[in-house]
Amino acid sequence: MAVKCQRSILLPSCSRMTEKKTNMASINSVEWRSICDKFTNAQRLTETESRNDPENDPFRSKYKARELLREIYCSLKSFEAGEGEEDVGGENCEQRPPDQPVDGQTEDAFSQGFSGDSPAGMRAAKLGAVEYYLGVNHVDTEELSAGQEHLMNCMKMLEKCRVSSENVSLFIHVRNQLGILWAGRDETETAQGFLESAESIYQRYMKEDGRPPTDMTEYFTTEENLLTHQERTKRFELAYTHTMYYLAQVYKNLGENERAATYCHSTLQRQLQLNQFSPMEWALNAATLSQYYITKGRYTEGRHCLAAATVISGLAGEVPSEAAAQESETESERREQLQQKRAEIARCWIKYCLNLLQDAKKLLEDNIGELDTDRQDELKRARRQEEEEEEKGRKSALLFGSEDTFDSIASVEEKVMCLFPLDFTEARAVFLVGQNYVTQAKEYFQMDGYVTDHIEILQDHSSLFRALAFFEEDLERRCKMHKRRVDMLEPICNDLNSRYYLLIRRQLMFELAETYNEMMDLKLTLANRQADNHSLDGHTIKKFNHLCSASAKYFQMFLDSLCSPEGKPPEHLEEEVLRPALVARFRVARLHSKLISSSPPVQLENLNRALENYKYVVQYCEAHPEAATAVETELELSTEMVGLLPLKINRLKSRMAANN
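Residues numbered from 1 in each chain as written. Predicted model: local features only at pLDDT ≥ 70, side-chain atom pairs only at ≥ 80, totals over all residues. Heavy atoms only, no water.

Taking an unreviewed UniProt entry as the reference, the protein chain is identified by name as KIF-binding protein belonging to Poecilia mexicana. The Function (unreviewed entry) field of the UniProt record for the protein chain holds the comment "Activator of KIF1B plus-end-directed microtubule motor activity. Required for organization of axonal microtubules, and axonal outgrowth and maintenance during peripheral and central nervous system development." Entered under Subcellular location (unreviewed entry) in the UniProt record, the comment concerning the protein chain runs "Cytoplasm, Cytoskeleton". (UniProt positions renumbered as here; feature names shortened; annotations may be inferred.)

**A few points about the overall build of the protein chain**
For the protein chain, the count of helices and strands is 25 helices and two strands. Taking all 660 residues of the protein chain together, 48% fall into the buried category. In the protein chain, of all internal contacts separated by at least 6 residues, the share reaching a separation of at least 24 is 74%. Element-wise, carbon and sulfur atoms account for 47% of the exposed surface of the protein chain, whose accessible area totals about 34,100 Å². (Helix = DSSP H or I, 4+ residues; strand = E, 2+ residues; numbered from the N terminus. Buried < 20%, exposed > 50% of the residue type's maximum accessible area, 1.4 Å probe, protein only. Contact = heavy atoms within 4.5 Å. Areas by Shrake-Rupley, 256 points an atom, 1.4 Å probe, with all protein chains shown as cover.)

**What to know about the layout of surface pockets**
In this structure, the largest pocket occupies an estimated 1,200 Å³ of space. Lys361, Ile368, Gly369, Arg466 and Glu518 are the residues nearest the centre of the largest pocket, which is lined by 40 residues in total. Elements represented by at least two residues in the lining of the largest pocket include exactly α14 (329–364), α19 (451–471), α20 (475–495), α21 (498–530) and α23 (575–594). Examining the composition of the lining of the largest pocket, we find that 10 residues originate from one element, α21, more than from any other. By residue class, the composition of the lining of the largest pocket is 13 nonpolar, 10 polar and 17 charged. The computed volume of the second largest pocket comes to approximately 880 Å³. Gln43, Glu47, Tyr133, Met216 and Thr217 are, among the 33 residues lining the second largest pocket, the residues nearest its centre. At nine residues, helix α2 (residues 29–47) tops the list of elements feeding residues into the lining of the second largest pocket. Residues that form the lining of the second largest pocket fall into these classes: 14 nonpolar, 12 polar and seven charged. (1 Å grid on protein atoms, 1.4 Å probe; cavity = no way out; pocket = protein on both sides within 12 Å on 5 of 7 lines; lining within 4 Å. Points joined across faces, edges and corners; volume = space filled by probe spheres on them. Nonpolar A, V, L, I, M, F, W, Y, C, P; charged D, E, K, R; others polar.)

**Looking at empty space enclosed by the protein**
Summed over the entire model, instances satisfying the criterion amount to three cavities of 30 Å³ or more. What the largest cavity holds in volume is close to 60 Å³. Lining the largest cavity are Leu559, Leu562, Cys563, Pro569, Pro570, Leu573, Ala581, Arg585 and Tyr616. Grouping the amino acids of the lining of the largest cavity by side-chain chemistry returns eight nonpolar, no polar and one charged.

**Here we look at the environment of Glu387**
Tracing the backbone shows Glu387 in helix α16 (residues 383–396). As for Glu387 and Leu419, which are separated by 32 residues in sequence, their C-alpha atoms are 7.8 Å apart.

**Describing helix α9 (residues 229–253)**
In this model α9 runs 37 Å from its N-terminal to its C-terminal C-alpha over 25 residues, within 8% of the 36 Å that 1.5 Å per residue would give. Considering only its buried residues, α9 is in contact with α7 (168–184), α8 (188–208) and α10 (257–274). Residue Gly255 follows α9 closely and has a positive phi angle near 85°. (Expected span 1.5 Å × (residues − 1).)

**Regarding helix α12 (residues 299–314)**
When the terminal C-alpha atoms of α12 are compared, their 23 Å separation across 16 residues agrees well with the 22 Å that a helix rising 1.5 Å per residue should span. Across the 16 residues of α12, 12 count as buried, placing the element largely inside the fold. If you check which residues of α12 are buried, you get Tyr299, Gly302, Arg303, His304, Cys305, Leu306, Ala307, Ala308, Ala309, Val311, Ile312 and Ser313.

Structure, rendered in structure tokens:
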């Protein structure tokens, strides 16, 4: 049995309206105005009325708009096709199936098909535009397959036309929409094909023609309501800006982070130029982009993004007062949004300052983690050339801003350097900027309501102190900086409920243990400068032992948090805690061996506990050979101490026996 081709289910039969066809060139002005009025109403329903649709009928206005678009389609189909043109669209039995989302060749689009301004070309473009709007309508109402079919119908109609000023906007818009649709299905490479095709069409059109193109809405606009050249240009450039924005998302999902950042940067710049942006959304996107540049060590671009974010966020206006927020729900929501997004931008600034200090530390430290003064002098001599390169880089970079904002952005940039700080004075200046943003971020992300965020900000503040301490030559002052870290983290660590915040508590325990350990090393260095251990005064010994015990306590708390409810250590350490757990064991051993006591029994107890923990590291790595690579240095020293400590313990026992 032969199967006949079925008409598309998406559009109604236009047979009643095609019994008597008319020539498009001789359309009665009343008929044409009726089509234009229907299109205007469809746009109004879609863009304005739909915002007020009830929750139980959320697409009511869009369904009404769909009916008007279908009527427009049937009216257009009733007009006689242009000379040499096939009848295309919803009734064509050779319609492209919806499961073939392959874009055509861009080269062919500029060399084959009807001229854009010919009757056949204009008819195809208008029918294609209605298919496009129907496609968007179906996607908006969550009917993706139907939306895809309409959009592909639009693509098929455009295949009959050459790219020109009359249709290039539609060429780009339909590819943008198909890109969004396929990206939403996680078909990233298919989305990439449509969007890169849109980009190619834009670039070639601008190179070969460049005139302000007809906007799609003008297909259904009376002559007196046509757009100005300026408005046409703005809408066309905005469509291409959307192409770049979607490509940025696609490249990010494909793992092409450098391309994604480039497209995101260009998108933000174009939004400013076209004055088409929401200040807070734009600012947050710019601040987020800065984090990519920071991870790549590109601090000039990172600082520029953050300075622009700060300035543009200011365009959103002042934060409504608490009194105003209590009186108005709208003002309350606005207050919440402004405070939250500005606090998030402040957190991005914190990361900028912290990473700049940490990267400078890596550049300047020697093999034992101290400041390499020779390297410091070398880098200071090279600073002038570095400043010149920074200025060249700034001139060649794609800078944000307009005449109104450029100076303001530059002013914010001047408040913090983008070159690596090379001494304490420069490092302190960066630290103070970061600390200022810590204060701003904590105003919104308070402990009551934002526990995780608040603690992360405190950890960043602690890390700022740690990075600054590296540059401080005075060991007493360096020790005080670490004490500040303890004072801000210890109360939080002790108050947190492990049942709900176990991972965060572990982080805090480990950081506190390391901080006390650094303070102990500093005190020991200071003491050794003054005298050997045998002549240390009682106060110094007491202080040293306190720091030593506090560090061991927090390392042990960390290790205890890994145990079963019965207190049994895990037989196998998970990858994420493997190194921290073995390092904690090593540090506990080292700390117990350093405790100063005049009592032989106490000395013996400390040495036995040290040996016990050194043995754990060695035995665990013997039982799990893959763990050895994670703690190579600690394992080597532990193995050595497992051999040496028993001798020391036996000598101590012999002395104790002789004394008894």
